[in-house]
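Below, each chain spelled out in residue letters.
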Amino acid sequence: MSTALSHAPEPTVRAALRSPKLLRTEVLAGLVVALALIPEAISFSIIAGVDPRVGLFASFTMAVSIAFLGGRPAMISAATGAVALVVAPVVREHGLDYLIATVLLGGTLQVILGLAGVARLMRFIPRSVMVGFVNALAILIFLAQLPHLVDVPWLVYPMIAVGIALIVGLPRITSVIPAPLVAIVALTAFTLVASISVPNVGDEGELPDSLPSLVIPDVPFTVETLRIIAPYALAMALVGLLESLLTAKLVDDITDTHSDKTREAWGQGLANVVTGAFGGMGGCAMIGQTMINVKASGARTRISTFLAGTFLLILVVGFGDVVALIPMAALVSVMIMVSVGTFDWHSIRPATLRRMPKSETSVMLATVAVTVATHNLAIGVAVGVLVAMTLFARRVAHLTETGRELTEDGQSALAVYRVTGELFFASSNDLYTQFEYADDPDRVVIDLSGSHIWDASTVAALDAITTKYGRKGKTVEIVGLNEASAARHQRLTGELTSH
């Protein structure tokens, strides 16, 4: 009997098209995501310092492109805050054309990195960093709603409460229509029938009334232009890939399915190239909207991603006047529940914290703190990985032990040191202090049969030990090296200091 872990079969596009129930789920999920994307895309445009149409068109082209090119079905890609923060200085200092050139170059770099196998680096991101990433994301989603809760009419608060109640309660009665969509329609209808004045989508920015068209950036094709845009393009590429690959892994866990991370990496790049070609501001996977699509609405195929982009364009261009009337309270209630559903509450339960090693909790908290402080998920994850690496190295370093034994070899005394554990920079730095240089006899044997030499730092430490004994007229013999350690020691010994 096979013991391999099985994963739930993932619905295909063909299966969804043949099943009215699955197709309805995908269509309605796409509509809910499109409605949620509109104010987000407008606000990210403001962050980047561009016209709202730049962010809205970017969301359309990213979503539609990644539906065909991406490696993670049902994941939503669009204009994002992380990318907006990266490219904002380009717009501020050089203008929109340089932004478009940056997006085109950033997308090209993502394709190159994707084909080079950058997705395989995901395995070096520890679980505690992933938990911190998810929790920080939930906090950022919630914090992004706070501006819509300050200096607003009092009616906004009961409307948000009703929206949350609908999203929580409706699924217990029926799941035919996504609860977030019902909340949006119900609250919009209430504001229109009651003729009340509350902040709405139209207040966020002017919606476009025409379709996107191909754009060629009006920049000189020179080395100077490359010097200006390259740093921002590289930062955009790395931030976009990191957020997209982490989101893909998150969706894998939620849906219990696998995805093609390499395809997702170069697919993000091609989607950004398409977005830049249509004058968009670039983007990457959107975790909040992906959670609406996958968790809240139950979508599982590329259909929902494609329709999210398509509905977005139809809504803002064809029904812009209607969409502008949607109260922000409705969308805030949706995003608050997305935040609550995204947060890993199990990770902060007292019982979990008591069982979890302090180093794991420290990594999670560091990831959350840095991400929330910088509003940049990429920086938070990078710091989390560095903290995890440091704590791991510190923990492993303490597992190295050195034992000393005095014996007789024929007529002469002999000191035998048996070293056990992994020898690398963190553990080998202490190795030098573990020997009795003055008290040992003239012959010393260092037995490394229970160890492994991983780096040049260890070879340098062994050379220093041998040299110190040599100054006292004593000889050192290193024995028990495995094949890899012996090869590394032979190649580096005596070559690490100037002669």
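Everything that follows concerns the structure shown earlier in this document.
Keep in mind it's a predicted model, so treat the numbers as computed, not measured. (Residues numbered from 1 in each chain as written. Predicted model: local features only at pLDDT ≥ 70, side-chain atom pairs only at ≥ 80, totals over all residues. Heavy atoms only, no water.)

Visitor: Would you explain helix α2 (residues 20–48) in this entry?
Guide: Counted at 1.5 Å a residue, the expected span for α2 with its 29 residues is 42 Å, and the 41 Å between its end C-alpha atoms agrees. Just past α2, the residue G49 takes up positive phi, approximately 80 degrees. (Helix = DSSP H or I, 4+ residues; strand = E, 2+ residues; numbered from the N terminus. Expected span 1.5 Å × (residues − 1).)

Visitor: In this structure, what is going on with the packing of aromatic side chains? I would like to understand it.
Guide: The geometry of an aromatic ring pair comes down to the distance between the two centres and the angle between the two planes. Inspection of every chain in the model, using the stated rule, returns eight aromatic pairs. Note on Y417 and F435: the rings are 4.4 Å apart at their centroids and 45 degrees apart in plane angle, and the pair reads as tilted. Here Y417 is found in strand β4 (residues 412–423), whereas its partner F435 is found in the loop between α18 (425–431) and β5 (443–453), with 18 residues between them in sequence. Here the two residues Y417 and F435 agree in accessibility, since each one is buried. Look at Y432 and Y437: their rings are 5.6 Å apart centre to centre, the planes differ by 40 degrees, and that puts the pair in the tilted class. Using a relative accessible area of 30% as the deciding quantity, one classes Y432 as partly exposed. Overall, Y437 belongs to the buried group, its relative accessible area being 7%. Feature note: the residues Y417, Y432, F435, Y437 and Y469 constitute an aromatic cluster, connected by ring pairs. Directly above the ring of Y437 sits K468, whose terminal nitrogen or CZ lies 4.4 Å from the centroid. (Phe/Tyr/Trp six-rings, centres within 6.5 Å; stacked < 30°, edge-to-face > 60°. Buried < 20%, exposed > 50% of the residue type's maximum accessible area, 1.4 Å probe, protein only. Lys NZ or Arg CZ within 6 Å of the ring centre and 35° of its normal.)

Visitor: I'm lost on the nonpolar core in this one. Help?
Guide: Grouped burial of nonpolar side chains is what soluble globular proteins tend to show. Membership of the largest hydrophobic core comes to 91 residues, with the highest contact counts inside it found for I38, I125 and M281. It is α2 that contributes the most residues to this core, twelve residues altogether. Apart from residues lying up to four places away in sequence, I125 is in contact with M130, L242, L246, V381 and V385. If you look at the next biggest cluster of nonpolar residues, it comprises 16 residues, including F435, I446, L462 and I465. (Core = buried A, V, L, I, M, F, W, Y, C linked by side-chain atoms within 4.5 Å. Contact = heavy atoms within 4.5 Å.)

Visitor: Teacher, can you tell me more about the side chain of T255 here?
Guide: Here T255 lies in helix α9 (residues 223–255). In this structure the side chain of T255 is engaged in a polar contact, spanning 2.7 Å, whose partner is the backbone oxygen of V251. Separated by 2.6 Å, the side chains of T255 and T257 make a polar contact. (Polar contact = N/O pair within 3.5 Å; in protein donor to acceptor, adjacent residues only side chain to side chain.)

Visitor: Looking at this model, I keep getting lost on the sheet that holds β4. Mind explaining?
Guide: Paired through their backbone hydrogen bonds, the strands of a sheet run either parallel or antiparallel. Spatially, the four strands line up as an open sheet ordered β3-β4-β5-β6, and their pairing is mixed. Two strands lie at the open edges of the sheet, namely β3 (401–409) and β6 (475–479), each paired on one side alone. Adjacent strand axes in the sheet meet at a mean angle of 20 degrees when their direction is disregarded. Examined bridge by bridge, β3 and β4 share nine bridges and lie antiparallel to one another. Across the sheet, G403 pairs through a bridge with R418, a residue of β4. (Pairing = 2+ DSSP bridges. Axes fitted to C-alpha atoms, helices over the stretch in contact; angles between N-to-C directions.)

No statement about biological role is implied by the geometric values presented.
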